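# Overview (structure and organization)
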Amino acid sequence: SAVLREDQDAALGEHLLKYGVNWREEKSAAKNILNPFRLTGSGREQMSVLGGFVEGEFNFNTITLTGGVRFDDYSYTDNHQQQFNSDGFSPSAGVRWQATDALQLRAGYATALRGVGLKEAFMLDIAQWKNKPQIEAENANNTELGFAYQQGGLSLSGNLYRQIIDNFITTFSCPAARGGCRGNAGEASIDGY
């Protein structure tokens, strides 16, 4: 696994601008491949991600606004020599309100793209596990509400959140591969606090 990351901050009075780029490359390989059915699995996979982002924080007295956008470009070759490429933008926005000296309220919304990537390492040992050819990148939408309270020695904080993932990638049985397939399973929803 190789990672390159370069970030910069620029202060603009009461405001802050962050920007950067990153490059990540990962490889995975199985030492002993069990392939009793003479399938095409090589036991090796590789992926790379090139990304860049710009984020801003804008302070106006008791209110702070945040916003940004990220772009990612994924490239993945699986152990059956199938190529998967995906790219896209992930915007985000948030607000923090210092309601009193002790109480801060906050809300945010963000999206995140996650391209198709390496399978779990144990799946490379068994050549029957196969990606479906038409897997699409996952898209997550995150909504969050929270507060922080600090007065003297008392400190309380909490968050509520909901994450909805479109094109959720998971494994399941399928007739096309004896071990199973990996593909999109629709939508997944996660609520928490």
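Overview of the structure. (Residues numbered from 1 in each chain as written. Predicted model: local features only at pLDDT ≥ 70, side-chain atom pairs only at ≥ 80, totals over all residues. Heavy atoms only, no water.)

### Describing the overall build of the protein chain
- Along the protein chain, the regular secondary structure elements total one helix and twelve strands.
- Reading the protein chain from its N terminus to its C terminus gives the helix and strand order β-β-β-β-β-β-α-β-β-β-β-β-β.
- Looking at the protein chain as a whole, 30% of its 193 residues qualify as buried.
- For the protein chain, contacts bridging at least 24 residues in sequence account for 58% of all contacts bridging at least 6.
- Roughly 12000 Å² of accessible area belongs to the protein chain as shown, and the carbon and sulfur atoms make up 54% of that amount. (Helix = DSSP H or I, 4+ residues; strand = E, 2+ residues; numbered from the N terminus. Buried < 20%, exposed > 50% of the residue type's maximum accessible area, 1.4 Å probe, protein only. Contact = heavy atoms within 4.5 Å. Areas by Shrake-Rupley, 256 points an atom, 1.4 Å probe, with all protein chains shown as cover.)

### Looking at the pairing of strand 5 (residues 83–98)
- As judged from the 15 bridges shared by strand 4 (residues 63–77) and strand 5, these two strands associate in the antiparallel manner. Its bridge partner lying in strand 5, Y76 is registered against F84.
- Adjacent in sequence and paired antiparallel, strand 4 and strand 5 are bridged by five residues, among which Q81 carries a positive phi angle near 65 degrees.
- Taken together, the seven bridges between strand 5 and strand 6 (residues 103–114) define a ladder with antiparallel strand orientation. Bridge pairing in strand 6 links G94 to G108.
- In this structure, the hairpin formed by strand 5 and strand 6 is closed by a connection of four residues. (Pairing = 2+ DSSP bridges.)

### Observations regarding the packing of aromatic side chains
- Applying the stated criterion across every chain, the model contains two aromatic pairs.
- With centroids separated by 4.9 Å and ring planes inclined at 55 degrees, the aromatic side chains of F71 and F89 adopt a geometry described as tilted. Placement of the pair is F71 in strand 4 and F89 in strand 5, with a sequence separation of 18 residues.
- A relative accessible area of 29% places F71 in the partly exposed class.
- Ring geometry for Y76 against F84: centres 5.6 Å apart, planes inclined by 25 degrees, an arrangement best described as stacked.
- Taking the relative accessible area as the measure of exposure, Y76 reaches 0% and is therefore buried. (Phe/Tyr/Trp six-rings, centres within 6.5 Å; stacked < 30°, edge-to-face > 60°.)

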